[in-house]
Amino acid sequence: MSMDKNKGVYIMSVASELTRMHPQTLRKYERAGLVNPTRVKTYRMYSQADIERLENIKRLVDDSGLNIAGLKMMLRMGKL
């Protein structure tokens, strides 16, 4: 059985633990348009693809010092 990588399965607290990011950071990246979790009622549901994208974002921020503007540029270039 294969899992759909784009199906929202993780609530924010789990996504926060998996990515080692504070929930407020996840909200900030959502507001910036870097990640778009699905909504179920009032819950944000993150997919495996969202988790992988957030891990890439974390790596770029931690290793390269990119800020939101730099991350948005990477997204426009298709490198995120």
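One can find the structure itself at the top, above this paragraph.
The structure reproduced in this document is the subject of the present report. (Residues numbered from 1 in each chain as written. Predicted model: local features only at pLDDT ≥ 70, side-chain atom pairs only at ≥ 80, totals over all residues. Heavy atoms only, no water.)

1. Regarding the environment of Asp-63
Tracing the backbone through its elements, the reader meets Asp-63 in helix H3 (residues 48–64). In sequence terms Asp-63 and Ser-47 are 16 residues apart; their C-alpha atoms lie 24 Å from each other. (Helix = DSSP H or I, 4+ residues; strand = E, 2+ residues; numbered from the N terminus.)

2. Considerations on unusual backbone geometry
Phi angles above zero are rare outside glycine, and Arg-20 is one such case at about 55 degrees. Tracing the sequence through the fold places Arg-20 in the loop between helix H1 (12–19) and helix H2 (23–31). Backbone geometry at Lys-41 places phi at a positive 55 degrees, although glycine is not the residue there. In this structure, Lys-41 sits in the loop between strand E2 (38–40) and strand E3 (43–46). Judged by relative accessible area, Lys-41 falls into the exposed class, the value being 80%. (Buried < 20%, exposed > 50% of the residue type's maximum accessible area, 1.4 Å probe, protein only.)

3. A word on H3
Compared with the 24 Å implied by 1.5 Å per residue over 17 residues, the 24 Å span of H3 between its first and last C-alpha is a close match. When we look at burial in H3, the residues that qualify are Asp-50, Ile-51, Leu-54, Ile-57 and Leu-60. Buried residues along H3 sit in contact with strand E1 (10–11), H1, H2, E3 and helix H4 (68–76). The positive-phi residue at the C-terminal boundary of H3 is Gly-65, with phi of around 70 degrees. (Expected span 1.5 Å × (residues − 1). Contact = heavy atoms within 4.5 Å.)

4. What to know about the side chain of Glu-30
Secondary-structure assignment places Glu-30 in helix H2. When near neighbours in sequence (up to four residues on either side) are disregarded, Glu-30 contacts Val-35, Pro-37, Arg-39 and Arg-44.

5. A few points about the pairing of E3
In terms of strand pairing, E1 meets E3 through 2 bridges, oriented antiparallel. Pairing of Tyr-10 across the sheet is with Tyr-46, part of E3. The loop that links E2 with its antiparallel partner E3 comprises 2 residues; one of these, Lys-41, has a positive phi angle of about 55 degrees. (Pairing = 2+ DSSP bridges.)

6. Here we look at the packing of H1 against H2
H2 packs onto H1 with a crossing angle of 100 degrees between their chain directions and a minimal axis gap of 9 Å. Between H1 and H2, the angle is such that the two are roughly perpendicular. Across the interface between the two elements, Met-12, Ala-15, Ser-16 and Thr-19 of H1 pack against Pro-23, Leu-26 and Arg-27 of H2. Grouping the amino acids of the contact of H1 with H2 by side-chain chemistry returns 4 nonpolar, 2 polar and 1 charged. (Axes fitted to C-alpha atoms, helices over the stretch in contact; angles between N-to-C directions. Parallel < 35°, antiparallel > 145°, perpendicular 65-115°, else oblique. Nonpolar A, V, L, I, M, F, W, Y, C, P; charged D, E, K, R; others polar.)

So far we have only geometry, and geometry alone does not tell us how the molecule works.
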